[in-house]
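If you want the building blocks of each chain, they are given just below.
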Amino acid sequence: MKIAYFIMAHKNPLQIKKLLSAIYSPENVYVIHIDKKSGLDLYNDIDSFARQLPNIFLLESQDVTWAMWSIVEIQLRALKFLFDYEWDFFINLSGQDFPLQSQAYIKNYLRHNNKNHINIIDADLDKRVVGTFEARQMYEYKVDNGFIVRFGELASFSEFYPGHNFHIGSGWFVLKRDFCEHIFISEKLEGLITYFSKIYIPDESFFHTFFMLSPYKNDLINAHKRTIIMDQTELSLHPIIFKNDDYEFLISSDNLFARKFDENIDKLIIDKLYKNAIS
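Bear in mind the structure is a predicted one, so any value in this text is a computation, not a measurement.

Here we look at the nonpolar core
In this structure, Phe90, Phe196, Phe206 and Phe207 are the most contacted members of the largest nonpolar core, which totals 41 residues. Looking at this core, the elements with two or more residues in it are β1 (3–9), β2 (29–34), α3 (70–82), α7 (177–185), α8 (189–196) and α9 (206–212). No other element matches α3, which puts seven residues into this core. With residues up to four places along the chain from it excluded, the contact list for Phe206 reads Trp69, Val72, Leu76, Leu189, Leu192, Ile193 and Phe196. Ile7, Leu58, Leu100 and Leu250 belong to the second-largest nonpolar core, a separate cluster that totals 39 residues.

This is the structure in structure tokens:
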């Protein structure tokens, strides 16, 4: 059982290194992307760490903007890079994620649950989410002077791709290699990139819709295996930062990972989860 990890990071070098150490296994392969906006110091720091081990690699940095196509684009770049190596599952993480289980546990879990793990909701059928996500289908978005702006009408997905529904879900997942390879040989790829590269938060819909259009749509466990609690503050779109008081809650979960953590807010919880992961 071999896992390909892809980590998207933009700050906290010590935390990134601790995450890598917590999920490290010689049989796995690791690819890291440091947001170009974070600067060369962070990139060089992580690059120096990665060069000490033969199975950790850094992608060339590019600008990544939350809610925009660049997040999907960088994951597709990582997958293309990873196909030169052997692995069974692809797991995407941010630099502020952390494992709740050891690598032995995670590999054993995936060995016995040999399916894609991706949270999928049919946005065209589930009326609870249509209002929240309909803007993704109605308007094109772009980045202008650092701001995300809506600038043009866009056909709904059902008009763009007649007979097929628009799917959404968490942007975090565990994918099998055969589906990942299918993405790049599918005749649907170019058209789906054309559509999803224009919408808002495509990382929470591109892979999900693609998956449900693929021959692998039944090879699914509809779960991302992450513990995430969204901030309930009005208009917030971000998860809370876990602290030391959350430790027992986190390790009592049967999930594989949790997010978010920040060493500048609470380093102790990261240290405790690290000991748990390597035990």
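Overview of the packing of α3 against α7
The interhelical angle for the contact between α3 and α7, taken along N-to-C directions, is 110°, at an axis separation of 11 Å. With respect to each other, α3 and α7 are oriented roughly perpendicular. Regarding α3 and α7, the two cross each other, and that crossing is left-handed. Across the interface between the two elements, Leu76, Leu79, Lys80 and Leu82 of α3 pack against Arg177, Cys180, Ile183 and Phe184 of α7.

Concerning α7
Those residues of α7 that fall on the buried side of the exposure criterion are Arg177, Phe179, Cys180, His182 and Ile183. Residues of α7 that are buried sit in contact with α3, β4 (89–94), β6 (116–117), β11 (174–176), α8 and α9.

Re α3
With 13 residues, α3 extends 18 Å from end C-alpha to end C-alpha; this agrees with the ideal 18 Å at 1.5 Å per step. Among the residues of α3, those classed as buried are Ser70, Ile71, Val72, Ile74, Gln75, Leu76, Ala78, Leu79 and Leu82. Buried residues in α3 make contact with β1, β2, β4, α7, α8 and α9.

Comments concerning the pattern of salt bridges
Where side chains of opposite charge bring their charged atoms close, a pairing between them can arise. Tallied over the entire structure, the rule returns 13 salt bridges. Asp262 is the partner of Lys11 in a salt bridge, and the nearest nitrogen-oxygen pair spans 3.1 Å. One end of the pair, Lys11, is in the loop between β1 and α1 (13–22); the other, Asp262, is in the loop between β14 (257–259) and α11 (267–278), with 251 residues separating them in the sequence. A residue is classified by how much of its surface remains accessible, and Lys11, at 31% relative accessible area, is partly exposed. On the basis of relative accessible area, Asp262 is assigned to the buried category, the value being 6%. Among the ionic pairs, Lys198 bridges to Glu140, the shortest N-O distance being 4.0 Å. Here Glu140 lies in strand β8 (residues 139–144) and Lys198 lies in the loop between α8 and α9, a separation of 58 residues in the sequence. Classification of Lys198 as partly exposed rests on a relative accessible area of 29%. For Glu140, a relative accessible area of 17% gives the class buried. Overlapping salt bridges, with partners in common, bring together Lys18, Lys267 and Asp271 in one network.

How each quantity is defined
Residues numbered from 1 in each chain as written. Predicted model: local features only at pLDDT ≥ 70, side-chain atom pairs only at ≥ 80, totals over all residues. Heavy atoms only, no water. Core = buried A, V, L, I, M, F, W, Y, C linked by side-chain atoms within 4.5 Å. Buried < 20%, exposed > 50% of the residue type's maximum accessible area, 1.4 Å probe, protein only. Helix = DSSP H or I, 4+ residues; strand = E, 2+ residues; numbered from the N terminus. Contact = heavy atoms within 4.5 Å. Axes fitted to C-alpha atoms, helices over the stretch in contact; angles between N-to-C directions. Parallel < 35°, antiparallel > 145°, perpendicular 65-115°, else oblique. Left-handed = near helix turned anticlockwise from the far one by under 90°. Expected span 1.5 Å × (residues − 1). Salt bridge = Lys/Arg side-chain N within 4 Å of Asp/Glu carboxyl O.

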